[in-house]
Amino acid sequence: QVQLVESGGGLVQPGGSLRLSCTASGRIFGINAMGWYRQAPGKERELVAATTSGGSTNYADSVKGRFTISRDNAKNTVYLQMNSLKPEDTAVYYCKLSDIVYGRYEYWGQGTQVSVSS
């Protein structure tokens, strides 16, 4: 069984930065993707950014140029560097790990709160 542990959320002023981390424990196999999703109150969960085990990345249009996703495969860890944060970035951020070829597994973290406010 794989567990995802997230860290790095918090309260920051507009224009500030935060770095989220997510580490997967357990055996991970196959071609997979690790990514970050977020869910604001009253809204659906949405993709923020994702990266595959091969190094491809994908970003939501709303965060392009401000957020950067990176991955350390040796540590089974994915990072999300968030710069120039805006109040509309406020949400619970969730980490996800999934098998993107055969769909054999999908795991979610417990979520970490990011709040952007003055």
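These numbers come from a predicted model, not from an experiment.

Q: I'm lost on the side chain of N32 in this one. Help?
A: Tracing the chain through its elements places N32 in strand β4 (residues 32-39). N32 gets classed as buried once you look at its relative accessible area, which sits at 4%. Once residues lying within four places of it in the same chain are set aside, the contact partners of N32 are T51, T52, S53, R71, L97, S98, D99, I100 and Y105.

Q: How do you make sense of the nonpolar core when you look at a structure like this?
A: Within soluble globular proteins, side chains that are nonpolar tend to cluster in buried spots. If you look at the biggest cluster of nonpolar residues, it comprises 29 residues, and the most contacted ones within it are W36, L80, M82 and Y93. Of all elements in the fold, only β3 (18-25), β4, β5 (46-52), β7 (67-72), β8 (77-82), β9 (91-99) and β11 (112-116) reach the threshold of two or more residues within this core.

Q: Please explain the packing of aromatic side chains as it appears in this structure.
A: Pairs of aromatic rings are described using the distance from one ring centre to the other and the angle between the two planes. Counted by the stated rule, this structure contains three aromatic pairs. Measuring from centroid to centroid gives 5.1 Å for Y37 and W108, while their planes differ by 65°, and the two rings are edge-to-face. Of the two residues, Y37 is situated in strand β4 and W108 in strand β10 (residues 106-108); the sequence distance between them amounts to 71 residues. Classification of W108 as partly exposed rests on a relative accessible area of 31%. Note on Y105 and Y107: the rings are 5.7 Å apart at their centroids and 25° apart in plane angle, and the pair reads as stacked. For Y105, a relative accessible area of 10% gives the class buried.

Rules used throughout
Residues numbered from 1 in each chain as written. Predicted model: local features only at pLDDT ≥ 70, side-chain atom pairs only at ≥ 80, totals over all residues. Heavy atoms only, no water. Helix = DSSP H or I, 4+ residues; strand = E, 2+ residues; numbered from the N terminus. Buried < 20%, exposed > 50% of the residue type's maximum accessible area, 1.4 Å probe, protein only. Contact = heavy atoms within 4.5 Å. Core = buried A, V, L, I, M, F, W, Y, C linked by side-chain atoms within 4.5 Å. Phe/Tyr/Trp six-rings, centres within 6.5 Å; stacked < 30°, edge-to-face > 60°.

Shape descriptors only; they carry no functional weight alone.
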